Structures are given as C-alpha cells and as structure tokens.
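Inside the fold
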Amino acid sequence: INAEYMGDEDEERDEWVLEKETVEALGKCLPSEDEQNLIKAFVAAGGVDTNLGRAERFAVEMTKIKRVSDKFKSVSFALEFGDDVERVQRDLNTLQAAFETLRNNTSLHQVLKLLLNVGNTLNTGTMRGNAKGFKLAILPRLQGIKTSVDSGTTLMHYIVSICPPEIASWAKQLKALPKADKLSLANVQDFVKHVALMLEKGVLAEISKCLDKKEDNPQEKKFGRKMKVFGEWACWKLSKVQQEIVAAEANVKQIMLFFGEDGSDMDATDFLATITDFRECWLRSQHEVAAKNAVLGTPSVRT
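If you're wondering where the values come from, they're calculated on a predicted model, not measured in any experiment. (Residues numbered from 1 in each chain as written. Predicted model: local features only at pLDDT ≥ 70, side-chain atom pairs only at ≥ 80, totals over all residues. Heavy atoms only, no water.)

Turning to the layout of surface pockets, a few remarks are in order. Here the largest pocket is characterised by a volume of approximately 470 Å³. For the largest pocket, the lining is made up of 18 residues, of which L115, G119, N123, F134 and I138 are closest to its centre. Elements represented by at least two residues in the lining of the largest pocket include exactly α5 (106-122) and α6 (155-162). In terms of residue count, α5 provides more of the lining of the largest pocket than any other element does, six residues in total. Partitioning the lining of the largest pocket into residue classes produces 12 nonpolar, four polar and two charged. In this structure, the second largest pocket spans a volume of roughly 400 Å³. (1 Å grid on protein atoms, 1.4 Å probe; cavity = no way out; pocket = protein on both sides within 12 Å on 5 of 7 lines; lining within 4 Å. Points joined across faces, edges and corners; volume = space filled by probe spheres on them. Helix = DSSP H or I, 4+ residues; strand = E, 2+ residues; numbered from the N terminus. Nonpolar A, V, L, I, M, F, W, Y, C, P; charged D, E, K, R; others polar.)

Dropping the structure here:
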C-alpha cells in the first residue's frame, strides 16, 4: 500500500478494495507522531526506501498521506456503517414487533381484566374496591402476596388456577418478548446519535478538507470525491433511520397508553421489563400449580 492507493480507487465502483479487517489491521500499524518525525528526518537526510524493511517502507508511505489516521478512520467507519444501520433497524423491528404483539394479544388483555376483577373482589367494601384499572408495576409483586389457603400459595398461584383455559396460554404466545426485553429504544437512539456525530466530526470533516479549494493534491481530491458519495448516502440513510425512530416512539407511546401507562411512572424499557417479568412469574406459577395438583391428584392447570 502506498500514498497513491488511498486516493486511487476506481470512482465508478461501489465497493471498497480493502476489507474491513484489513483496514483495521493497517490502522493499528500507522506510525506514531514521534515515528513520523523520525521518518521525515530520515527522508530529509537522503535516506533511501530500498534500504528499509517492509514495515519501515509502509511507515514511510503513510507519512506521505495528509491526516492519514483520519482517512483510515473514515474508511473504517464507511465499511462498518452498513452493518451498524442494519443492526439498528433490526433492533427497532424487534422492539416494535414486541409492542404490537402485546397490543394484539387479547388473551393477555383478558388476564389483566381477570386480575382487576379479583382485586376488586378482595377490596370489596374498601376505598380500593370497584377500581377501573391498576398500575402495571403491581404485576410482578403478585407472586409475593400470600393467600389464606396456605403459606406456599400466592395470589399469582390463585389467579393461574382460576384462569380460563382459553386465555391461560397467553404467556407461551409471547415467546419473543424476552429477546425484545434485552433491547432499549433509548439505547438505539443514543447509538444513532453517536453514529451521526462520528459521521459529522470524522468523515464529513475529512471530506471537506480533501475537497477544499486550497487543496492542490490530486490524490486528496480523488479520496474526497470517493468519500463524498458515501457521505451523502450515509446522511440520507441516517435521516431515514431517525424518522423510523420517531415513528417507533409514537407507536410505543400509543401502545403504553392502551395499557393505561402514560410514561409518568415507567418508560418504554420499564414497561417491557414489567410485562416480561410478569410473563416469567406466570409460567413459573403455572408449573408450580401443576406440580402441586399432581401431588394432590387434582386436575392440572391448563397452559
């Protein structure tokens, strides 16, 4: 690789000659500032490249490229950008699919109504009776509320045991929920902001320097033109992704409102985690109730 290589790619081609792994490996071999000063002094003193080893000749060539480290970072960013965007869109799709599943799962809705009815029955004659709804944060706590049946039976066990079989399988219908629970819309937003900042401060800044009117190096111009094609596409792609994030936020907010959560008590991440915890508690309680019924010789709970 030499100085001409960094700006000597065929401008009609869409792909890079260098692979991502190669760029990363070469980037780690770039000479430090002190090494560059030594190399420049060697060349200025009449040193001949042919007297150097391959590693030293590589270092010499790199000193001939303006802002060589910035160029390697720009190329590396360009090679990783497609994978980064794909990951963001995949995470967005996973999150949106999970929220849509919650909105469309009528069995879950019926279970929540059952919980409300049981709660109102237990609170008959009190200020909490005849409630129109409840906060979702109570759901995981049901496994800790003991009943008068015996010390090992919780309110969750009771709900599971009386749940109609046609809706009792709601938890098994939400198999993809734990995967979405590991994701966060806020983290997706932060990552996209980071990528946008790297694009602006790194790639676009280098393009601007290469294409500056005062720049007279043809290899700098060629590198700048090549990167400009990527830069324009990357800006457009990021804009589309940011629009998708805004749409996802609005959709998630509507779904949370559907469940009675306006975001004041929990954000989207907490909302998904709460439902996921409730699902796990439900499945565990189903197993425990079925095991207890097997010992007592009573019919198993439907799942």
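Still more to cover.
Attention now moves to the state of the cysteines. Using the criterion set out here, one finds zero disulfides in the structure. Distance from the sulfur of C163, which forms no disulfide, to the nearest cysteine sulfur (C281) is 15 Å. C235 forms no disulfide, and the closest cysteine sulfur to it belongs to C210, at a distance of 16 Å. Residue classification places C235 among the partly exposed positions, given a relative accessible area of 35%. (Disulfide = S-S within 2.5 Å. Buried < 20%, exposed > 50% of the residue type's maximum accessible area, 1.4 Å probe, protein only.)

In contact at an axis separation of 10 Å, helix α2 (residues 33-44) and helix α3 (residues 54-63) are set at 90° when each is read in the N-to-C sense. Comparing the axis directions of α2 and α3 gives the class roughly perpendicular. Taking contact as the criterion, the partners of Q36, I39, K40 and V43 in α2 are, on α3, A59, V60 and T63. (Axes fitted to C-alpha atoms, helices over the stretch in contact; angles between N-to-C directions. Parallel < 35°, antiparallel > 145°, perpendicular 65-115°, else oblique. Contact = heavy atoms within 4.5 Å.)

Next up on the list: unusual backbone geometry. Although it is not a glycine, R67 sits at a positive phi angle of roughly 50°. Take R67: its relative accessible area is 26%, and that puts it in the partly exposed class.

Keep in mind these numbers describe shape, not what the thing actually does.
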